[in-house]
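Coordinate inspection notes
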Amino acid sequence: MLALLLMFPGTQILAQRRRQVTSVANTARTLTVLTEPSAPNAIVWIDEIRRGTTDASGALAQVKVSGGAHTLRVRAAGFKELTMPLTAAQRGEIKMRLMRTTDEAELAFQQAETARETARDEASREKAADLYRRTLTLRPAFPAAHVGLARVLLDLNDTNGALAEIEAARRYKPSYAEASAVEGRIYREAAQTDEAIGAFNRSIRESHGFQPEAHVGLGRVYEDKGQYDLAAREFQIAVKQLSDTEPIIYQMLGAAYEKTGNNKEAVIAYENYLRLAPNGSLAPAVRSIVEQLREQPPN
């Protein structure tokens, strides 16, 4: 647990986590992101968290956002990526005017991202890695491409190569929350628990507290260590930060509660998974677990 104390005494970290759970505003709002119809299937991120893609008309509706200021980013194939701030007062339709690009590095990066996200086997992952390398040949100072390549190399079980790409990303962007979150995943896969905890906590600091990928990563580490109460706390934070949009985290939260013997909260979490993903791949198993837990006597 030494890495958990990195730069913060243990009591401060626990207090920080409690504040993060309770500080998420109850003033959630819903946005509709609009791009040109000429740019369908544009990917939308809020605070570096992917929230979906626009439809054929260039719209992504029902995007839940918590109170406060955020950052909106949109990317469509063949267009220059666009980032803009979202103020606490903005609601309803948000229009993003995308401009076409001829930047070879940016176009290669877009191809690499698509290839990585759709890769299902080693050959397709190798193809994605090659596209990232082509991007970096065209523009070495491209931190996001280094992180994308690190993600692919992690999927290809190349731990050393993935860590080298994270180091390269930091040369161009020293404080990089996403890079630290990916680094935490790399260390967790390598069973380097203390290093993983340190990287995930660094990611949370670098993002000023908002980094659901890192909170999920910490939760997984605590699961590995059998510390299910701590795991549940991290999954709760991630759920709140993602504005109740990611069913898989509810499944993880339910499993953590179940292992602590808190069947009531486990059922609630599993039901939230089913609410968000009634036809999800885990839905049949989750329904079976819920039925079993309901048949058990209350704790």
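Residues numbered from 1 in each chain as written. Predicted model: local features only at pLDDT ≥ 70, side-chain atom pairs only at ≥ 80, totals over all residues. Heavy atoms only, no water.

For the protein chain, the count of helices and strands is twelve helices and seven strands. Here the C-alpha radius of gyration of the protein chain, 20 Å, is about what a compact globule of 299 residues would show, namely 19 Å. Over its C-alpha atoms, taken along the principal directions, the protein chain stretches across nearly 65 × 45 × 40 Å. Relative to its 299 residues, the protein chain shows a buried fraction of 49%. Contacts in the protein chain between residues far apart in sequence, at least 24 positions, make up 54% of those at least 6 positions apart. For the protein chain, the accessible area works out to roughly 14,700 Å², and carbon and sulfur atoms hold 51% of it. (Helix = DSSP H or I, 4+ residues; strand = E, 2+ residues; numbered from the N terminus. Rg over C-alpha atoms; globule rule 2.2 N^0.38 Å. Buried < 20%, exposed > 50% of the residue type's maximum accessible area, 1.4 Å probe, protein only. Contact = heavy atoms within 4.5 Å. Areas by Shrake-Rupley, 256 points an atom, 1.4 Å probe, with all protein chains shown as cover.)

Here we take up the sheet that holds strand β1 (residues 29-34). Across the sheet, which stays open at both edges, the three strands sit in the order β4-β1-β7 with mixed pairing between neighbours. Looking along the sheet, the strands with just one partner apiece sit at the ends: β4 (59-65) and β7 (92-95). Between one strand axis and the next, the sheet turns by 30° as a mean value, whatever way the strands run. The pairing of β1 with β4 spans five bridges and is classified as antiparallel. Counterpart to Leu-34 in the pairing with β4 is Ala-59. (Pairing = 2+ DSSP bridges. Axes fitted to C-alpha atoms, helices over the stretch in contact; angles between N-to-C directions.)

Within β1, five of the six residues are buried, leaving the element largely enclosed by the surrounding structure. Bridge count between β1 and β7: four bridges; the pairing is parallel. Paired with Leu-34 across the two strands is Lys-95, which belongs to β7.

For helix α6 (residues 177-189), which comprises 13 residues, the first-to-last C-alpha distance of 19 Å matches the rise-based estimate of 18 Å (1.5 Å per residue) to within 8%. Burial in α6 covers these residues: Ala-177, Ala-179, Ser-180, Ala-181, Val-182, Glu-183, Gly-184, Ile-186 and Tyr-187. Along its buried surface, α6 packs onto α4 (143-155), α5 (159-172), α7 (193-206) and α8 (212-224). Positive backbone phi, approximately 60°, marks Ala-191, located one or two places after α6. (Expected span 1.5 Å × (residues − 1).)

Counted at 1.5 Å a residue, the expected span for α5 with its 14 residues is 20 Å, and the 21 Å between its end C-alpha atoms agrees. All buried positions along α5 are accounted for by Gly-161, Ala-162, Leu-163, Glu-165, Ile-166, Ala-168, Ala-169 and Arg-170. Of the surrounding elements, those touching the buried residues of α5 are α3 (122-138), α4, α6 and α7.

It is worth spelling out the side chain of Glu-223 at this point. Tracing the backbone shows Glu-223 in helix α8. Take Glu-223: its relative accessible area is 16%, and that puts it in the buried class.

This part takes up the packing of aromatic side chains. Scanning the model with the defined rule gives two aromatic pairs in all. With a centroid separation of 4.7 Å and an interplanar angle of 35°, the aromatic rings of Phe-109 and Phe-142 are classed as tilted. Of the two residues, Phe-109 is situated in helix α2 (residues 104-118) and Phe-142 in the loop between α3 and α4; the sequence distance between them amounts to 33 residues. Classification of Phe-109 as buried rests on a relative accessible area of 3%. Here a set of aromatic residues connected by ring pairs shows up, and it is made of Phe-109, Tyr-132 and Phe-142. (Phe/Tyr/Trp six-rings, centres within 6.5 Å; stacked < 30°, edge-to-face > 60°.)

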